[in-house]
Amino acid sequence: MSTQNSSNAGSNWSLGAALGAAVAASACCTIPLALVSLGVGGAWIGSLTALAPYRWIFVTGAVAALGYAGYNEWTLSRRPDCDCETMFSSAARRSLLGVGTLAVLVLVASPYLVAPSPATATQQAQAAVGQESVEKEAALPASFQQVVLEVEGMTCAACPKTVSTALEGVDGVHRVDATYEPPEAVVRFDPDATSVEALTEATKTAGYPSEPKSSS
């Protein structure tokens, strides 16, 4: 194998390694949300949150591998053209590197992209207060109940979105307000259509076990 072919293969392998590390870096938050949104559930999803303490390692690995792929491409671009057979043309390599770099950056940043900003969180809290007033004025059925679930396994500000998505998929749930600090979810629901047990089962299936803190 020629030196050019070796460098080309190195770029491909390093780009693949960068993508793999980026997927692992997003596994603790973004992937559970995607799975729950698609209707895929299981207690095994909770094992993905165990990767959270090692996220910085995956991010570092993704950046290092991406840097190596870029360095290889830069090295190849400085060599004179030859008749060597390569897997991709230089234009194709650069396009692949550009798309791969974008994918890596999106995956690494995905937990921050999914999580609401502090300003948005404040607006949501204010909206929740306003919604509660509207609900009172609309005279929701007296049978409606509210429960506060203490949620385990949330490792970042993006996790409440996954918890909310799981709970909102339960028939009879009227409203969900999930927060990272404190790690809990306030759920208003119709007890004739669902139960607290069904709610805790929904969060457990999404990978975030919960138990009722209080109810009214």
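Please read these numbers as outputs of a predicted model, since none were measured by experiment. (Residues numbered from 1 in each chain as written. Predicted model: local features only at pLDDT ≥ 70, side-chain atom pairs only at ≥ 80, totals over all residues. Heavy atoms only, no water.)

Caption draft 1: Broad picture of the side chain of Thr203. Along the chain, Thr203 falls in helix α7 (residues 196–205). Residue Thr203 is classed as buried on the basis of its relative accessible area of 1%. One polar contact links Thr203 to Ser210, side chain to side chain, over a distance of 2.6 Å. If we ignore the near neighbours within four places in the chain, the residues touching Thr203 are Leu149, Val163, Leu167, Tyr208, Pro209 and Ser210. (Helix = DSSP H or I, 4+ residues; strand = E, 2+ residues; numbered from the N terminus. Buried < 20%, exposed > 50% of the residue type's maximum accessible area, 1.4 Å probe, protein only. Polar contact = N/O pair within 3.5 Å; in protein donor to acceptor, adjacent residues only side chain to side chain. Contact = heavy atoms within 4.5 Å.)

Caption draft 2: Region of the structure containing the confidence of the model for the protein chain. Here the protein chain averages 77 in pLDDT, and 74% of its residues register 70 or above. Mean pLDDT across the secondary structure elements of the protein chain bottoms out at helix α5 (residues 118–137), with 48, and peaks at strand β3 (residues 184–189), with 94. (pLDDT = per-residue confidence, 0-100.)

Caption draft 3: Spatial organisation of the pattern of salt bridges. Counting across every chain of the model gives two salt bridges. Glu184 is paired through a salt bridge with Lys213; the nearest N and O atoms lie 3.5 Å apart. In this pair, Glu184 sits in strand β3 while Lys213 sits in strand β4 (residues 210–215), placing the two residues 29 residues apart along the sequence. (Salt bridge = Lys/Arg side-chain N within 4 Å of Asp/Glu carboxyl O.)

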